[in-house]
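A look at the structure
Spelled out, the chains give:
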Amino acid sequence: ARVLPMLDLSNVYMEVFLPAAQAMLTGIGAEARVRLDSVPYAIPAFVSFVSPEAQFTPRTVETAEERADLMFRVKVRVPEELVAPNIELVRTGLRGMAYVRLAGAEDVPWPEEYVGQPLPAEVPATSGTE
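Residues numbered from 1 in each chain as written. Predicted model: local features only at pLDDT ≥ 70, side-chain atom pairs only at ≥ 80, totals over all residues. Heavy atoms only, no water.

**Points about the packing of aromatic side chains**
- Scanning all chains against the criterion turns up 2 aromatic pairs.
- Look at tyrosine 99 and tryptophan 110: their rings are 5.6 Å apart centre to centre, the planes differ by 65°, and that puts the pair in the edge-to-face class. On the criterion of sequence distance, the pair formed by tyrosine 99 in strand β5 (residues 96-100) and tryptophan 110 in the segment after β5 is long-range, its members being 11 residues apart.
- For tyrosine 99, a relative accessible area of 31% translates into the label partly exposed.
- With a relative accessible area of 16%, tryptophan 110 lands in the buried category.
- Seen in terms of ring centroids, tyrosine 99 and tyrosine 114 are 5.4 Å apart; in terms of plane orientation they differ by 35°. Their pairing is tilted. With tyrosine 99 in strand β5 and tyrosine 114 in the segment after β5, this pair connects stretches of sequence that are 15 residues apart. (Phe/Tyr/Trp six-rings, centres within 6.5 Å; stacked < 30°, edge-to-face > 60°. Helix = DSSP H or I, 4+ residues; strand = E, 2+ residues; numbered from the N terminus. Buried < 20%, exposed > 50% of the residue type's maximum accessible area, 1.4 Å probe, protein only.)

Encoded structure:
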């Protein structure tokens, strides 16, 4: 019987879904940025997984328009060297968005809200006590 669930908090990632045309231009190691709803800055990340199979598939795929609806799961991971000094800030299940740099778009600048900023080494306590 299960006694205790275990979780590796140093493996911080977000799963996103990209259309087939974008997934085809996404490679392992591609640059990414994660923007969590509860964090006021972008977190540098990288693509660590691209699914080889579509996740959302219409029952019958007969036209190019229907094939365009296929979505592929992509895992965007925050490097452990950014997570380790801030492990006390890591929470599971946080919501947010990710932006992935596609092949051929290396010269395209990041959107302003996704300009990567390293996690702060220390964040002031917000417990309400001084």
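Now that the structure has been shown, we can carry on.
**Some details on a nonpolar patch on the surface**
- Where nonpolar side chains cluster on the molecular surface, the patch consists of Val3, Leu4 and Met6 and spans about 430 Å² of accessible area.
- Inspection of the secondary structure assignment puts valine 3 in the segment before β1 (13-19).
- Taking the relative accessible area as the measure of exposure, valine 3 reaches 79% and is therefore exposed. (Patch = residues over 30% accessible without salt bridge, like charges linked within 9 Å, V, L, I, M, F, W, Y side chains within 5 Å. Areas by Shrake-Rupley, 256 points an atom, 1.4 Å probe, with all protein chains shown as cover. Salt bridge = Lys/Arg side-chain N within 4 Å of Asp/Glu carboxyl O.)

**Some words on the environment of alanine 23**
- Position of alanine 23 relative to the elements: it lies in helix α1 (residues 20-23).
- Here alanine 23 falls in the buried class, since its relative accessible area comes to 9%.
- Measuring from C-alpha to C-alpha, the distance between alanine 23 and valine 50 comes to 7.3 Å, with 27 residues separating the pair along the chain.
- When residues no more than four places from it in sequence are discounted, the contact partners of alanine 23 are Leu18, Val50 and Phe72. (Contact = heavy atoms within 4.5 Å.)

**Side note on the side chain of serine 51**
- By the element assignment, serine 51 lies in strand β3 (residues 43-56).
- Within the local environment of serine 51, its side chain forms a polar contact with the backbone oxygen of glutamate 53, the two atoms lying 2.8 Å apart.
- When residues no more than four places from it in sequence are discounted, the contact partners of serine 51 are Phe72 and Arg73. (Polar contact = N/O pair within 3.5 Å; in protein donor to acceptor, adjacent residues only side chain to side chain.)

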